[in-house]
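A structural walkthrough
Chain by chain, the residues run as shown.
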Amino acid sequence: MLKQNLQFKLSQKLSPQQIQLMKLIQLPTQAFEQRLKQELEENPALESGKDEVENSSDEYDDLYDNDTGNETIEAEDINIDEYLSDDEVPDYRTQTNNYSADDDEKSIPYASGTSFHQYLMGQLNTVYLEDKDWAIAEFLIGSVDESGYIRRPITDIRDDLAFTQNIYAEEDDIIKVLKLVQELDPPGVAARSLAESLIIQLSRKEQTPEIELAILILKKSFDQFTKKHYKKLLQKHNINEEELKGAISEIEKLNPKPGGSYAGNTKVIEHIVPDFSIKISEGKLELKLNGRNAPELHVSRQYNNMLEGYKNSKTKSKSQKDTVFFIKQKLDAAKWFIDAIKQRQQTLYVTMSAIIEYQKEYFLTGDERKLRPMILKDIADTIGMDVSTVSRVANSKYVDTPYGTKLIKEYFSESMKNEQGEDVSTKEIKKILETVIGEEEKRKPLTDDKLATILKEKGYPIARRTVAKYREQLNIPVARLRKQI
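This text gives an overview of the structure that appears in the document. (Residues numbered from 1 in each chain as written. Predicted model: local features only at pLDDT ≥ 70, side-chain atom pairs only at ≥ 80, totals over all residues. Heavy atoms only, no water.)

**Observations concerning the pattern of salt bridges**
Within this structure, the stated rule accounts for 20 salt bridges. For glutamate 196, the salt bridge identified is with arginine 192, shortest N-O distance 3.0 Å. Judged by relative accessible area, glutamate 196 falls into the buried class, the value being 14%. For aspartate 448, the salt bridge goes to arginine 471, with nearest N and O atoms at 3.0 Å. Of this pair, aspartate 448 sits in helix 19 (residues 448-457) while arginine 471 is found in helix 20 (residues 464-473), placing the two residues 23 residues apart along the sequence. With relative accessibility at 12%, the residue aspartate 448 sits in the buried group. By sharing partners, the salt bridges in this structure join Arg158, Asp159 and Glu171 into a single network. (Salt bridge = Lys/Arg side-chain N within 4 Å of Asp/Glu carboxyl O. Buried < 20%, exposed > 50% of the residue type's maximum accessible area, 1.4 Å probe, protein only. Helix = DSSP H or I, 4+ residues; strand = E, 2+ residues; numbered from the N terminus.)

Below you can see the structure in the form of structure tokens.
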């Protein structure tokens, strides 16, 4: 027998408007401008700039009087007054010192030009080659990656030439053409390995004893060189420390990524627009929100005229009613978007203000050792918002400070206790670790065990594996690879 019963269940779901607001909050300034442009294009009821339309608040009181037919549209369903009245000036149009002046925005020129491969092909066009060799050379240039290397085996290139270009060549023939391609600029391009690239670069220089020794080391002892086994190099090549130091000095002048040296290699240009700016005035911190986050928006004047025409019309057809419903939909969307922008501004400003207050000592001094341990929940509790909201602000926004432009999330860090039982930021420990390594004796770099001992002496008792983790996060190699002679 089928049993039916009623069950009540409470659940929380975000409305589409709330989801869109969260997406708006997450957008940095440049992406927000694109979103604003999109909304202006899609919603004809929304316009940018100052609204010069003058309307009285009671002009539309009888907008739907004498409506014919059984269907009645109530004026309060549309709330035209709320949209078109200019008695109330929205907060987003109020200019205060919370927003930076538009005059501060500078246009950034972007570079353009030929690609890296076009640059290489341009040089190849000046070299006389047989048709087959020219086709092989063109294929080899197409195999060069953005770092300037050919990382595919010659056998694979030979097979590809046969299957895709219908060119049959022996490996020796391909290597012969490869040598010609490797004579192109920048020096070291089209090498198959780092060692080969460095040797090519050295071969293009005036030959001196130091350069000749450097080439020999790279050819015969590349593995020992990369691992900095200097004693083995001294014994193997029967040289003294000064000679080895001279050879290493020549190698260190070379470019490990020859493709990156090409000035026209501007595949990606990223320009960061700070969402906030912080200045210090008379010992006090001043926060400003980028003015591009506070656009002036209003309802279209054309929509005002359309509603005026509907009001004065003696007969109200179905198509006219459909038009009014369409207008209402667009007005609703326009009003929500304006409110969402205002909420976005308030959220950004309140969140950043709380971060500045929390890290006040750092922003006044610029000393990273003054950074307090701070997690997302600390700020969320302070401003009474959800952690996810703070995360959206921190992960995608930049702030211009007297100490450089930085991603806001960089100011967040975990904490640990020092010997006095005080909570200190992991960033403070990393800064001290970086300083200790920077001051070490390069002939005898400090091991992770020794670094852990030094940090403990300074009042930060952390384990060796934690030191190793922080060192890797700072992109600092192990002691053996930091060794110099």
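**As for the sheet that holds strand 5 (residues 398-401)**
Reading across from one edge, 3-2-5-6 is the order of the four strands in this open sheet, with mixed pairing throughout. In this open sheet, the two edge strands, each paired with only one partner strand, are strand 3 (284-289) and strand 6 (404-407). Neighbour-to-neighbour, the strand axes of this sheet turn through a mean angle of 25°, independent of strand direction. Where strand 2 (residues 276-281) and strand 3 come together, six bridges link them in antiparallel fashion. (Pairing = 2+ DSSP bridges. Axes fitted to C-alpha atoms, helices over the stretch in contact; angles between N-to-C directions.)

**Overview of the packing of helix 18 (residues 426-438) against helix 20**
Each pair of packed helices gets described by two things: the angle between the helix axes and the distance between those axes. Remark: helix 18 packs on helix 20, axes separated minimally by 10 Å, with the N-to-C direction vectors making an angle of 80°. Taken together, the axes of helix 18 and helix 20 lie roughly perpendicular to each other. Where helix 18 approaches helix 20, its residues Thr426, Ile429, Lys430, Leu433 and Ile437 are matched on the opposing element by Val467, Tyr470, Arg471 and Gln473. Class assignment of the residues belonging to the contact of helix 18 with helix 20 gives a composition of five nonpolar, two polar and two charged. (Parallel < 35°, antiparallel > 145°, perpendicular 65-115°, else oblique. Contact = heavy atoms within 4.5 Å. Nonpolar A, V, L, I, M, F, W, Y, C, P; charged D, E, K, R; others polar.)

**Digging into helix 5 (residues 131-142)**
Think of an α-helix as 3.6 residues a turn; residues three or four steps apart then line up on the same face. In this model helix 5 runs 17 Å from its N-terminal to its C-terminal C-alpha over 12 residues, within 8% of the 16 Å that 1.5 Å per residue would give. Here helix 5 has its buried residues at Ile136, Ala137, Phe139, Leu140 and Ile141. (Expected span 1.5 Å × (residues − 1).)

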